[in-house]
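Listed below, chain by chain, are the residues.
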Amino acid sequence: MSNGVKIVHRWTPSPVAYVGVMVGAGTRDELPEENGMAHYIEHCVFKGTTRHSARAIIHAIEGIGGEINAYTTKEETTFYAAILCEHVQLTLHLIAEMILHPAFKKEETDKERMVILDEIESYNDSPSELIYDDFESLVFEGSPLAMPILGTRKTLRHISSKPDYALQWMKTHYTPERMVVFCQGNIKPERIFKLAEKEFGSLATSLSLENGPTTDRERTDIGPTMPRKMSFKKHTHQIHAMLGGRAYEIGHENQLAMFLLNNILGGGSLNSRLNLSLRESKGLVYTVESTYTPLSDTGYWCVYWACDPEDYEQSKGLVCKELDKLCNTPLTESALRHALAQLRGQLAISAQNQENSALAMAKSMLYRGNSPDWQETMKKIEHISTMQLQKVAKELLSTDYTYILTYE
């Protein structure tokens, strides 16, 4: 759009549409004293607008059989709904109202602050989830990326002390060039463009800063790091462990190679190298998985597993052994073909999940200005060679640069 808001739409024959707005504003845009602000805003805009009560918003969507949702990450806040295609106009209007005209009534936001505090405590009770936050704090120490998405009791008390604080934060960070209106379903593109223009066409004057758009985020150094170890006493039955390090950002020339490499290592399938080594062969763990998370200017990879204390050293040794194999032993052409065939099937199946597909489409549009389908992505992956995979492994997966975090 002329004011900088991006619009992306993918037609599908489904009678169900996923429609929403992704905003490039998250935890990394917060100051230390306002940590948790992006997530707090995500919650509070559901508590009513200047024109609609919280109940009216919920009943409007749920009353037509739809589902409305939102989430916050280190870099984005996303509001979206699943509805029948015939209700897309009403749904996009309500989401726009929540973003452009939130009420932030003190009596309502105070209730939501208590809900978030309960969410924090629930998170603290789940070591398999909490360890990801603590690992990010270790990997990105000294950067806003190290701060937890949910914030803390102290910061929540600070940011909820006055409604204008959150409204000013939105005015600063919810700018047109950071927004993507997205839709996927059996709807003509022209209709989505017209609805987006109607709801967000005046955004430049209503929410932009007087002195122009917000400045770019401070970049995060992704150079080589010194290995570090950290351990927390959690008094859990098992040891929860995470090993990993920095990785490539979104759009990096080796991003897809790292994506394929992670899939081979431990990307969620039972025949991944880590699962075969630690679970199927040795029976040391119930869960072991690897993750690659690219961000706008950096990223990280990690391996997570949980095991009995007496099995920790053996498990860690097997994880390091698999990493060393990828660094020092190139895949055979046959192994690469099998990995590509597996990934092709996974991407095709994943594309059938409309919700994930719509959100991935919006994120690609936000950071890259385009949104290739899974077939286009697969064509690029098929050009990756065994030599390129080994080069990426040596650059990122070497145990010389890894961080290790444990809960004991």
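Quick note: structure is the one above.
Just so it is clear, the structure is predicted and the values come from calculations on it, not from any experiment.

Q: Teacher, can you tell me more about the overall build of the chain here?
A: Within the chain one finds 16 helices and 10 strands. For the chain, buried positions account for 53% of its 408 residues. Carbon and sulfur atoms provide 52% of the accessible area of the chain, an area that totals close to 19,000 Å². Here the chain contributes 42 positive and 52 negative side-chain charges, whose respective centroids are spaced 2 Å apart.

Q: What exactly am I supposed to notice about the packing of helix H2 (residues 54-62) against helix H3 (residues 88-100) here?
A: When two helices pack together, their arrangement is given by the angle between the helix axes and by the axis-to-axis distance. Two elements in contact, H2 and H3, have axes separated by 10 Å at closest approach and are oriented at 155°. The orientation of H2 relative to H3 falls into the category roughly antiparallel. Seen along the crossing, H2 lies across H3 with a hand that is left-handed. Across the interface between the two elements, Ile57, Ala60 and Ile61 from H2 touch Leu90, Thr91, Leu94 and Met98 from H3. Looking at the contact of H2 with H3, its residues break down into six nonpolar, one polar and no charged.

Q: What's the story with helix H11 (residues 273-281) in this structure? I'm lost.
A: Three- or four-residue spacings in an α-helix give side chains the same orientation, since the helix completes a turn every 3.6 residues. Buried residues of H11: Leu274, Asn275, Ser277 and Leu278, and no others. Considering only its buried residues, H11 is in contact with helix H10 (255-266), strand S8 (288-294), strand S9 (299-307) and helix H12 (312-328). In the segment just after H11, Gly283 is the residue with positive phi, at about 65°.

Q: How do you make sense of the sheet that holds strand S4 (residues 77-84) when you look at a structure like this?
A: Pairing between the strands of a sheet comes from backbone hydrogen bonds, and it takes one of two forms, parallel or antiparallel. Across the sheet, which stays open at both edges, the five strands sit in the order S1-S5-S2-S4-S3 with mixed pairing between neighbours. In the strand order of this sheet, the two ends are held by strand S1 (6-11) and strand S3 (67-72), each with one partner. Ignoring strand direction, the axes of neighbouring strands in this sheet form an average angle of 15°. In the packing of helix H1 (residues 37-44) onto the sheet, the strands contacted are S3 and S4, and the crossing angle to S3 comes to about 170°.

Q: It is not clear to me how the state of the cysteines should be interpreted in this structure. Could you clarify?
A: A covalent bond between the sulfur atoms of two cysteines is referred to as a disulfide. Here the structure, examined in full by the defined rule, presents zero disulfides. Here Cys85 stays unpaired: no disulfide links it, and the sulfur of Cys183, its closest cysteine neighbor, is 7.0 Å away. Of the residues examined, Cys85 reaches a relative accessible area of 9% and is grouped as buried.

Q: I keep staring at unusual backbone geometry and nothing clicks. Help me out?
A: Note: most peptide bonds trans; most residues except glycine with negative phi. Of note in the backbone geometry, Phe104 takes a positive phi value of approximately 50° without being a glycine. Owing to a relative accessible area of 3%, Phe104 belongs among the buried residues under this scheme. Of note in the backbone geometry, His235 takes a positive phi value of approximately 55° without being a glycine. Its location among the elements puts His235 in the loop between strand S6 (228-232) and strand S7 (239-246). Since its relative accessible area comes to 73%, His235 is described here as exposed.

Q: Where do I start with the nonpolar core in this structure?
A: Nonpolar side chains tend to gather and get buried jointly when the protein is soluble and globular. Grouped together as the largest cluster of nonpolar side chains are 51 residues, with contacts concentrated most on Tyr40, Ile41, Phe79 and Tyr174. The element best represented in this core is H3, accounting for eight residues. Leu243, Leu260, Leu278 and Ile384 belong to the second-largest nonpolar core, a separate cluster that totals 43 residues.

Q: When you look at the side chain of Arg113 in this model, what are you seeing that I'm missing?
A: Within the secondary structure, Arg113 is located in helix H4 (residues 106-124). Of the buried charged residues, Arg113 lacks a salt bridge, with Asp110 as the closest side chain of opposite charge at 4.3 Å. In this structure, Arg113 is in contact with Leu156, Arg157 and Ser160, ignoring residues within four places of it in sequence.

Q: I keep staring at the sheet that holds S6 and nothing clicks. Help me out?
A: On the basis of which strands lie adjacent, the open sheet formed by five strands has the order S6-S10-S7-S9-S8 and mixed pairing. Lying at the two open borders of the sheet, with one neighbouring strand each, are S6 and S8. Strand-to-strand twist in this sheet, taken as the mean axis angle between neighbours without regard to direction, amounts to 15°. Contacting S8 and S9, H10 crosses the sheet at an angle of about 170° to S8.

Q: Looking at this structure, I do not really get the side chain of Ser272. What am I missing?
A: Note that Ser272 resides in the loop between H10 and H11. Look past the residues within four positions of Ser272 in its chain and what remains in contact with it is Asn263, Ile264, Leu265, Gly266 and Gly267.

Q: I would appreciate a short explanation of the pattern of salt bridges in the present structure.
A: Oppositely charged side chains are able to pair whenever their charged atoms sit close together. In the structure shown here, the tally under the stated rule is 15 salt bridges. A salt bridge links Asp297 to Arg28; the shortest N-O distance between them is 3.0 Å. Taken together, the residues Asp297 in the loop between S8 and S9 and Arg28 in the loop between strand S2 (16-23) and H1 connect sequence positions 269 residues apart. For Asp297, a relative accessible area of 4% corresponds to the buried category.

Q: Quick question: what am I supposed to make of the packing of aromatic side chains here?
A: We describe a pair of aromatic rings using the distance from one ring centre to the other and the angle between the two ring planes. Counting across every chain of the model gives six aromatic pairs. Aromatic pair Phe140 and Tyr300: ring centres 6.1 Å apart, planes at 80°, arrangement edge-to-face. Here Tyr300 lies in strand S9 and Phe140 lies in the loop between helix H5 (127-139) and helix H6 (153-159), a separation of 160 residues in the sequence. Look at Phe140 and you get buried, because its relative accessible area is 2%. Both rings, one in Trp305 and one in Tyr312, keep their centres 6.2 Å apart while their planes meet at 10°; by these two values the pair is stacked. Of the two residues, Trp305 and Tyr312, neither departs from the other in class, the shared state being buried.

Q: Got a minute to help me understand the environment of Met98 in this structure?
A: Within the fold, Met98 resides in helix H3. Take Met98: its relative accessible area is 0%, and that puts it in the buried class. Along the sequence, Met98 and His52 sit 46 residues apart, while their C-alpha atoms lie 8.8 Å from each other. Leave out the neighbours within four places in its chain, and Met98 touches Val45, Phe46, Thr49, Ile57, Ile68 and Phe79.

Cut-offs used in this document
Residues numbered from 1 in each chain as written. Predicted model: local features only at pLDDT ≥ 70, side-chain atom pairs only at ≥ 80, totals over all residues. Heavy atoms only, no water. Helix = DSSP H or I, 4+ residues; strand = E, 2+ residues; numbered from the N terminus. Buried < 20%, exposed > 50% of the residue type's maximum accessible area, 1.4 Å probe, protein only. Areas by Shrake-Rupley, 256 points an atom, 1.4 Å probe, with all protein chains shown as cover. Lys, Arg positive; Asp, Glu negative; His and termini not counted. Charge placed at Lys NZ, Arg CZ, Asp CG, Glu CD. Axes fitted to C-alpha atoms, helices over the stretch in contact; angles between N-to-C directions. Parallel < 35°, antiparallel > 145°, perpendicular 65-115°, else oblique. Left-handed = near helix turned anticlockwise from the far one by under 90°. Contact = heavy atoms within 4.5 Å. Nonpolar A, V, L, I, M, F, W, Y, C, P; charged D, E, K, R; others polar. Pairing = 2+ DSSP bridges. Disulfide = S-S within 2.5 Å. Core = buried A, V, L, I, M, F, W, Y, C linked by side-chain atoms within 4.5 Å. Salt bridge = Lys/Arg side-chain N within 4 Å of Asp/Glu carboxyl O. Phe/Tyr/Trp six-rings, centres within 6.5 Å; stacked < 30°, edge-to-face > 60°.

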